[in-house]
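# Residue-level structure breakdown
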Amino acid sequence: MRALLLYPLFPKSFWSFEKALDLVGRKALLPPLGLITVAAILPREWEFKLVDRNVRSVTEAEWDWAEIVILSGMIVQKGDMLDQIREAKRRKKKVAIGGPYATSFYKELQGEVDYLVLDEGEITLPMFVEAIEKGEESGIFRATEKPDVTSTPIPRYDLLELDAYSEMSVQFSRGCPFQCEFCDIIVLYGRKPRTKTPQQLIAELEYLYELGWRRTIFLVDDNFIGNKRNVKLLLRALQPWMEEKGYPFTFGTEASVDLAQDQELMDLMTACNFGTVFLGIETPDEGSLEVTKKFQNTRDPLSESVHKIISSGIRIMAGFIIGFDGEKSGAGDRVVEFVEKSTIPLALFSMLQALPDTALWHRLEKEGRLIGESGDVNQTTLMNFMPTRSVEEIAREYVEGFWRLYDPQNYLDRTYKHYRILGEAPCHKTPKPRKKKAKKKMEWATIKALLIIFWRQGILRKTRSTFWYYLWEMFRHNRRGVPSYLTVCAQIEHFLEYRQIVKEQIEAQLSAYQARMKEIEAESQVKEQEISAIAS
Ligand code: SF4
């Protein structure tokens, strides 16, 4: 079977970083780990070609070659996913789809594709292959069990155009032990974290090393520390491997805030060259954390936890949400103040959305507060349910908050403060022994990126004096952190454009929403008048 693996385009989003990627000559942030895992699970005798549409388009020769088109993607990729399905069907190809979007919204896809391969592929892909071997023309494949990931094969990294990516993805665990009401991870992957074995993960890293990868690796686990015992076993095995190889990678991942309570775990992570962690902080409002059942964030003061993690030498990115039930006015301001006080450069700010099948979704459905089933939820869409305070107020706070977070001066201030704390961490004071490499000249792409940053931020922008002052101070106090600091400074180029998109799109939707509300009000007034006319 000749299978064309197709990864749909991401729209401009918080994570798309086009401008920053452009600067360093990369096409996309991360590769489609799901699809290359699918290729590894499918029969060896199948042939594969992979096209990530964020990197390039499918050629005519690839369309002609394919017997079946296999797609996977997330909710935000829905638009292009549907376009590619139509294109494949126009060309009379068989189409199979899986992944998070298909699993959550499979009803929307019924009748559009031939095979719906839902839930986790370790169980449903063999069912799909069996159906194809029996000559079945269509099917829906579901799993009630969660697979043991210790038998998941090494993803087919060889199918990727490695140079196109800024970072590489690897997965150690699936699932999370917590119960945040809005979270779809626990719906898709369960509350019992399942991990690979340390040897299995190291074999994946070894493969990437052999393929020549030497940049950042992002562990895409939704909560890397969900099973702390197994994570520590991994890190204890990984550290000597990293040392022997001369620390060829830096790692990033996502983790719950309780990471701050485990100094041993943070030390193990920094010893293995973990440089960044994304934390789901959501809100500094304790009442909202309780409403959304994010109790793990209420145990210690959040700002102390953040400080502990940065002081241990791990850079933080964090997610924030507004629109929780019972939330008081000014939540947007409180988020911005928290982000600034805790010096978090990259803060992913969103309005709450109800994702299908989550506890939040079921509660709102029971309360009759959902506004349609929508697969278009991201940072530029209004909430898909009726909140307990006015939508207008939440949207205004959200847009203003986003604007303030990505104001160039505020962004520079907190990035600089963040790197100064990082620079004081013990692990940053003792450099790791690297393998001696032949002295390489600085790549032209890096020189060009630096010149563009210096031109935009050091000459054109009003914040130029702050930019040079902080850079000078960085050279004085945290010289080793300068390349990473400049990379984070460069990311403001993306957010300056993106905050404008957020503002325009939310304001446009808000106008449409207000117009619709007026219509509904007028209709109900007419109805009331008719009822009172009949009654009198
Ligand atoms: S900690 Fe993160 S992954 Fe875990 S349930 Fe909460 S939101 Fe989901």
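Note that this is a predicted model, so its numbers are computed, not measured.

### Let's talk about the pattern of salt bridges
Considering all chains together, one arrives at 39 salt bridges under this definition. Where R194 meets E120, a salt bridge forms, and the shortest distance between an N and an O atom there is 2.8 Å. Here R194, found in strand β9 (residues 194–195), pairs with E120, found in the loop between β5 (115–117) and α7 (121–133); they are 74 residues apart in sequence, far enough to count as distant. Its salt-bridge partner being D333, residue R404 comes within 3.0 Å of it at the nearest N-O pair. Taken together, the residues R404 in helix α16 (residues 391–405) and D333 in helix α14 (residues 331–341) connect sequence positions 71 residues apart. A single network of salt bridges, built from pairs that share partners, joins E181, D325, R363, E367 and R369.

### A word on a nonpolar patch on the surface
On the surface, M442, W444, I447 and L451 cluster together to form a nonpolar patch covering roughly 440 Å² of accessible area. Inspection of the secondary structure assignment puts I447 in helix α19 (residues 444–460).

### Here we look at α7
Helix length check: α7 (13 residues) gives 17 Å between terminal C-alpha atoms against 18 Å at 1.5 Å per residue, within 8%. Those residues of α7 that sit buried are E122, T124, L125, F128, V129, A131 and I132. A positive phi of about 85 degrees marks G135, the residue just after α7.

### Thoughts on the sheet that holds strand β14 (residues 346–351)
Pairing is parallel across the open sheet formed by 6 strands, whose spatial order is β7-β10-β11-β12-β13-β14. Two strands lie at the open edges of the sheet, namely β7 (168–170) and β14, each paired on one side alone. Each adjacent strand pair in this sheet contributes to an overall mean axis angle of 20 degrees, direction not counted. Across the sheet, helix α9 (residues 198–210) lies against β7, β10 (217–219) and β11 (251–255), angled at about 160 degrees from β7, the strand it touches most. Strands in contact with helix α13 (residues 302–311) are β12 (274–282) and β13 (315–322); relative to β12, the strand with the most contacts, it is inclined by about 170 degrees.

### Focus on the domain arrangement of the protein chain
In terms of domains, the protein chain is made up of domain 1 (2–141), domain 2 (167–251) and domain 3 (256–352 + 387–432 + 469–506). If you average the C-alpha positions of domain 1 and of domain 3, the two centres end up 33 Å apart. At the interface, 10 residues of domain 1 touch 15 residues of domain 3. Taking both partners together, domain 1 and domain 3 bury about 1,100 Å²; carbon and sulfur atoms supply 78% of that area. Inspection of the region where domain 1 meets domain 3 yields 0 salt bridges. Its residues assigned to classes, the side of domain 1 that touches domain 3 comprises 5 nonpolar, 2 polar and 3 charged.

Scoring rules and cut-offs
- Residues numbered from 1 in each chain as written.
- Predicted model: local features only at pLDDT ≥ 70, side-chain atom pairs only at ≥ 80, totals over all residues.
- Heavy atoms only, no water.
- Salt bridge = Lys/Arg side-chain N within 4 Å of Asp/Glu carboxyl O.
- Helix = DSSP H or I, 4+ residues; strand = E, 2+ residues; numbered from the N terminus.
- Patch = residues over 30% accessible without salt bridge, like charges linked within 9 Å, V, L, I, M, F, W, Y side chains within 5 Å.
- Areas by Shrake-Rupley, 256 points an atom, 1.4 Å probe, with all protein chains shown as cover.
- Expected span 1.5 Å × (residues − 1).
- Buried < 20%, exposed > 50% of the residue type's maximum accessible area, 1.4 Å probe, protein only.
- Pairing = 2+ DSSP bridges.
- Axes fitted to C-alpha atoms, helices over the stretch in contact; angles between N-to-C directions.
- Contact = heavy atoms within 4.5 Å.
- Domains from an automatic or database assignment.
- Buried area = accessible area lost by both parts, 1.4 Å probe.
- Nonpolar A, V, L, I, M, F, W, Y, C, P; charged D, E, K, R; others polar.

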